Amino acid sequence: YDIDTEDERWLKQQRHPELTELKFEQMMDKLEKCSGQTVVTLSEAKLLLERNDDLVIAVYDYWLNKRLNTQHPLVLSVKTEHRPGQSSNNPYLAFRRRTEKMQTRKNRKNDESSYEKMLKLRR
């Protein structure tokens, strides 16, 4: 997660001197990475950030409001196939394994008719 100007304004308003920009980015990043389409709860956030104080509650509330305002995750990620055995028809999937092997070169068999044609051309 990268801090933006809105985050900087919010940080200046906070009364937590131990909350640096780097620490804020790390906390927001942990919250984002542990949340997919479903949002982490406050109790899970306290366990995740390994703290149980006002700082975690403040950052969690700010993160949750920002995420609800944008209506999508704050850190966008590329969707990839999770299980190689299971095929998915998800149109937003960026990288899929090929189901059939792509043929790159035609194999020509050496048969008698092509040999005779080559002899004819040579003459």
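Report follows, based on the coordinates.

Each value, and the rule that gives it
Residues numbered from 1 in each chain as written. Predicted model: local features only at pLDDT ≥ 70, side-chain atom pairs only at ≥ 80, totals over all residues. Heavy atoms only, no water. Salt bridge = Lys/Arg side-chain N within 4 Å of Asp/Glu carboxyl O. Helix = DSSP H or I, 4+ residues; strand = E, 2+ residues; numbered from the N terminus. Buried < 20%, exposed > 50% of the residue type's maximum accessible area, 1.4 Å probe, protein only. Phe/Tyr/Trp six-rings, centres within 6.5 Å; stacked < 30°, edge-to-face > 60°. Core = buried A, V, L, I, M, F, W, Y, C linked by side-chain atoms within 4.5 Å. Lys, Arg positive; Asp, Glu negative; His and termini not counted. Contact = heavy atoms within 4.5 Å.

**Overview of the pattern of salt bridges**
And then number 1: Taken as a whole and judged by the stated rule, the model has three salt bridges.
And then number 2: Between Asp-4 and Lys-66 there is a salt bridge whose closest N-O contact spans 3.1 Å. Of this pair, Asp-4 sits in the segment before α1 (5–13) while Lys-66 sits in helix α4 (residues 54–70), placing them 62 residues apart in sequence.
And then number 3: Judged by relative accessible area, which is 30%, Asp-4 ranks as partly exposed.
And then number 4: Owing to a relative accessible area of 9%, Lys-66 belongs among the buried residues under this scheme.
And then number 5: One salt-bridge network, in which partners are shared between bridges, spans Asp-4, Asp-7 and Lys-66.

**Here we look at the packing of aromatic side chains**
And then number 1: Counted according to the given criterion, the structure contains four aromatic pairs.
And then number 2: Seen in terms of ring centroids, Trp-10 and Phe-24 are 5.5 Å apart; in terms of plane orientation they differ by 40°. Their pairing is tilted. Of this pair, Trp-10 sits in helix α1 while Phe-24 sits in helix α2 (residues 21–33); the two residues are 14 residues apart in sequence, bridging distant segments of the chain.
And then number 3: Taken together, a centroid distance of 5.7 Å and an interplanar angle of 45° make the contact between Tyr-60 and Trp-63 tilted. In this pair, Tyr-60 and Trp-63 are both assigned in helix α4, three residues apart and thus about one turn of the helix distant. Accessibility assignment for this pair places Tyr-60 and Trp-63 in one class, buried.
And then number 4: Put simply, the rings of Trp-10, Phe-24 and Tyr-62 pair up and form one aromatic cluster.

**Notes on the nonpolar core**
And then number 1: Membership of the largest hydrophobic core comes to 19 residues, with the highest contact counts inside it found for Trp-10, Leu-19, Phe-24, Met-27, Met-28, Leu-31 and Val-59.
And then number 2: Looking at this core, the elements that each hand over two or more residues are α1, α2 and α4.

**Comments concerning the side chain of Glu-25**
And then number 1: As for its placement among the helices and strands, Glu-25 is situated in helix α2.
And then number 2: No salt bridge forms around the buried Glu-25; measuring N to O, its nearest opposite-charge neighbour Lys-66 is 10 Å away.
And then number 3: With near-sequence residues (within four places) excluded, Glu-25 lies in contact with Tyr-1, Asp-2 and Ile-3.

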